[in-house]
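# Geometric and topological summary
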Amino acid sequence: MQITVSAGKGGTGKTTVAVNLALALSESHSVEFLDCDVEEPDAGIFLKPENENSEPVTIEIPEISEDVCTYCGDCSEACEFNAIATFSENVLVYPELCHGCGLCSRVCTADAISERSKIIGEVRRGSTGSIDFYEGDLTIGEPMATPIIRDMKKKVTEENISILDSPPGTACPVIESLHGSDFALLVTEPTPFGLHDLRLSVKVAREMNIPVGVVINRYGIGDKSVEDYCEDEGVPVLMKIPNDRKIAELYSNGVPFVNKFDNWKGRFNQLFEEITRIVNPRAKSVEV
Amino acid sequence: MKQILVISGKGGTGKTTLVSSFASLAGGKVLSDCDVDAADLHLVLSPRVNRKEEFSGGKEAVKDSSKCTECGLCYEGCRFDAIDENYEIDHFRCEGCGVCAYVCPEGAITMEDVLSGYSLESSTEHGSMIHGELQAGEEASGKLVTEIKQKAKKLAEEEGQELVIIDGSPGTGCPVIASLADVDFALVVTEPTESGLSDLKRVVELSKNFEVEPAIVVNKHDLNHQKVSEIEKYAEGHDIPIIGRIPYDSNVTRAMVEGESIVEYSDDGASEAIREIWRKVENKLLEL
Ligand code: SF4
Ligand code: SF4
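Rules and cut-offs
- Residues numbered from 1 in each chain as written.
- Chains lettered and ligands numbered in written order.
- Predicted model: local features only at pLDDT ≥ 70, side-chain atom pairs only at ≥ 80, totals over all residues.
- Heavy atoms only, no water.
- Domains from an automatic or database assignment.
- Salt bridge = Lys/Arg side-chain N within 4 Å of Asp/Glu carboxyl O.
- Helix = DSSP H or I, 4+ residues; strand = E, 2+ residues; numbered from the N terminus.
- Buried < 20%, exposed > 50% of the residue type's maximum accessible area, 1.4 Å probe, protein only.
- Contact = heavy atoms within 4.5 Å.
- Near = heavy atom within 4 Å.
- Nonpolar A, V, L, I, M, F, W, Y, C, P; charged D, E, K, R; others polar.
- Pairing = 2+ DSSP bridges.
- Axes fitted to C-alpha atoms, helices over the stretch in contact; angles between N-to-C directions.
- 1 Å grid on protein atoms, 1.4 Å probe; cavity = no way out; pocket = protein on both sides within 12 Å on 5 of 7 lines; lining within 4 Å.
- Points joined across faces, edges and corners; volume = space filled by probe spheres on them.
- Buried area = accessible area lost by both parts, 1.4 Å probe.
- Polar contact = N/O pair within 3.5 Å; in protein donor to acceptor, adjacent residues only side chain to side chain.
- Expected span 1.5 Å × (residues − 1).

## Thoughts on the domain arrangement of chain B
- What the domain assignment reports for chain B is domain 1 (2-47 + 116-287) and domain 2 (59-113).
- On a C-alpha basis, the centres of domain 1 of chain B and domain 2 of chain B stand 40 Å from each other.

## Description of the pattern of salt bridges
- Per the stated rule, a full pass over the model turns up 39 salt bridges over all chains.
- In this structure, the salt-bridge partner of A:Glu115 is B:Arg79, at a minimum N-O distance of 2.9 Å. One end of the pair, A:Glu115, is in strand β6 (residues 113-128); the other, B:Arg79, is in the loop between α3 (73-77) and α4 (99-103), on a second chain.
- Residue classification places A:Glu115 among the partly exposed positions, given a relative accessible area of 28%.
- Residue B:Arg79 is classed as partly exposed on the basis of its relative accessible area, which comes to 35%.
- Two residues, A:Asp137 and B:Arg202, come together in a salt bridge whose shortest N-O distance is 3.0 Å. With A:Asp137 in strand β7 (residues 131-138) and B:Arg202 in helix α7 (residues 194-209), this pair bridges two chains. Across the pair, exposure class does not vary: A:Asp137 and B:Arg202 are buried alike.
- Each of A:Glu40, A:Glu52, A:Glu122, A:Arg124, A:Glu135, A:Asp137 and B:Arg202 takes part in a single network of salt bridges with overlapping partners.

## Here's the deal with helix α8 (residues 225-233) of chain A
Residue and element names in this part refer to chain A.
- Regarding α8, the residues found buried are Ser225, Val226, Glu227, Tyr229 and Cys230.
- Each element contacted by the buried residues of α8 is listed here: β9 (183-188), α7 (192-207), β10 (212-219) and β11 (237-242).
- At the exit of α8 stands Gly234, carrying a positive phi of roughly 65°.

## Considering the site of ligand 1
- Taken together, A:Pro62, A:Cys79, A:Phe81, A:Ala83, A:Ile84, A:Cys98, A:His99, A:Gly100, A:Cys101, A:Gly102, A:Leu103 and A:Cys104 make up all the residues around ligand 1.
- Looking at side-chain class alone, the shell around ligand 1 contains nine nonpolar, three polar and no charged residues.

## So, the sheet that holds strand β10 (residues 214-219) of chain B
Residues and elements named next belong to chain B.
- On the basis of which strands lie adjacent, the open sheet formed by nine strands has the order β3-β6-β7-β2-β8-β1-β9-β10-β11 and mixed pairing. Each having just a single partner strand, β3 (48-55) and β11 (242-246) make up the two edges of the open sheet. Ignoring strand direction, the axes of neighbouring strands in this sheet form an average angle of 20°.
- With four bridges connecting them, β10 and β11 associate as parallel partners. Looking at the pairing, Val218 lines up with Arg245 of β11.
- Sitting on the sheet, helix α1 (residues 15-25) is in contact with β1 (2-7), β2 (30-33), β8 (163-167), β9 (185-190), β10 and β11, with an inclination near 155° to β8.
- Contacts from helix α11 (residues 270-287) reach β1, β8, β9, β10 and β11 within the one sheet, and its direction differs from that of β11 by about 165°.

## Structural notes on the layout of surface pockets
- As a volume, the second largest pocket reaches approximately 990 Å³.
- The wall of the second largest pocket is formed by 43 residues, among which A:His99, B:Ala140, B:Gly142, B:Lys143 and B:Cys174 lie closest to the centre.
- Broken down by secondary-structure element, the contributors of at least two residues to the lining of the second largest pocket are α5 (146-153), α6 (172-178) and α7 of chain A together with β4 (58-63), α5 (141-159) and α6 (174-180) of chain B.

## Notes on the interface of chain A and chain B
- Facing 60 residues of chain A, the contacting portion of chain B comprises 61 residues.
- Carbon and sulfur atoms supply 55% of the area buried between chain A and chain B, which totals about 5100 Å² over both sides.
- Counting the surface chain A buries against chain B, the share from its top three residues, A:Glu40, A:Ile140 and A:Phe193, is 14%.
- Counting across the chain A and chain B interface gives seven salt bridges.
- In this structure, A:Arg150 and B:Glu95 form a salt bridge, with 3.0 Å as the shortest nitrogen-oxygen distance.
- At the boundary of chain A with chain B, the tally comes to 25 residue pairs in polar contact (both at pLDDT 80 or more).
- Elements represented by at least two residues in the side of chain A that touches chain B include exactly α2 (43-47), α4 (103-107), β7, α5, α6, α7 and α9 (245-252) of chain A.

## Some thoughts on α7(A)
All names here are of chain A.
- Spanning 16 residues, α7 covers 23 Å between terminal C-alpha atoms, matching the ideal 22 Å at 1.5 Å per step.
- Taken together, the buried positions of α7 are Pro192, Phe193, Gly194, Leu195, His196, Asp197, Leu198, Ser201, Val202, Val204 and Ala205.
- Note on α7: the residue one or two positions beyond its end, Asn209, has a positive phi of about 60°.

Quick look at the structure:
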């Protein structure tokens, strides 16, 4: 079962929920954790993985043999990303714009384009207790997070519970994280910003046909608008985490709060049971 | 004309709180919200939209099933796993590269423009604002950011304003890279938490990569003194000024609920700290 923890707005407690859920479940289930927030991977701060080894993530970008190139410009014409430009006596590739699709080498009639692998980041694998831990890391300055998430998600197994910590927002890296998920657990805070961004997340998950549930973090600040919205929209509120200075302090020191407050382990297990109940009637193969 | 950017790496550290306050403190300027997949600035500034333009930042493959002979060439050609075993195109994954359309011998696939989002030109009580709305789940957030920035710059020129204030997006990927392009100075908002520090380092490195000078603001600085000193040590070691410390202040959320900036809502606490930061930013702008 694949549960993706996501949020429209950053800083609402996505990583907190994902990490604590994974730790609570790992006592009685096989859990794997994937940090898909590859632009700012922070879950490792809380889970402190051991024995990490890393694999690079690459994309294939074009390389031009100037001695056979006829400067016809077909490649530049074909490229949808303006990543290759032809001048009268040279061809320039802009690696940061290139998606590595391979179209330019296909269209080149002079056979002047070969490809080379460019490293854009890495996926690290380690373990935290019984949890299999993966984290993607986008090299600073590289724009495209999606290939890293796509690569990392190939590690997801059907039998285990996979908890994915998605990036914030609703753009392509979030879509890639949600892709194929059985459930989207959306974390928000009870404020107008939280509500606005929650609406966007619910919309995306629904378009992708993924059932949703909400966790309200810092419950007690702000107003009732998130709860009213959830009720009107029929979105279940599965957990409320109070606005508690102790929880905030633990967070600031990189300590998952289930490790300090035992009763929260039970609550996260209940949360998981409710998710299972929501998913089960419609999931393909869930055995938990 | 000068452009300043407010970014954070980590989401939810108070970027929009700062920008909305600057909006009411700064004299002649144009505002620009480049956090296109979770744009929240409008919730505080209640803009009146004067112009809304469609924005298309890319294409998407569309298949005419009646022409498809199920030869599988598109499936083999697509490097983004966007075509499944039944040769159906998954529009959430399609990057619009056009390889499938190129290889299809039956001409069954065409590339169509997608509506990626909108750019909006608005007036607020604190001046003009250019903002964007990314269609939920769309690509091209970086391109939309570039579009918004160009429009904001042009509008500032037309209005004879000397300053553009830009609210950036979280992370380090394409929208952030696009928002860094030719700004004069970046304010990086962080919080004294383990993840705040980790994300701060990444985004500072990014802004240096793009030769934009960063300065740090520590929000909720009274949450964890130990972490504040770690941030200070990091800043000192990298020769980055810390130009402000904002205390935790429950009025920040109250102001948000009321749809006001904190500097309009109250005078002490966070409000006072932000006024002080703005004075320093103004001095900094004079030096540039
Ligand atoms: S590989 Fe694709 S994106 Fe890269 S330059 Fe060639 S056509 Fe453009
Ligand atoms: S346009 Fe490119 S990404 Fe989209 S389905 Fe075709 S080959 Fe795949």
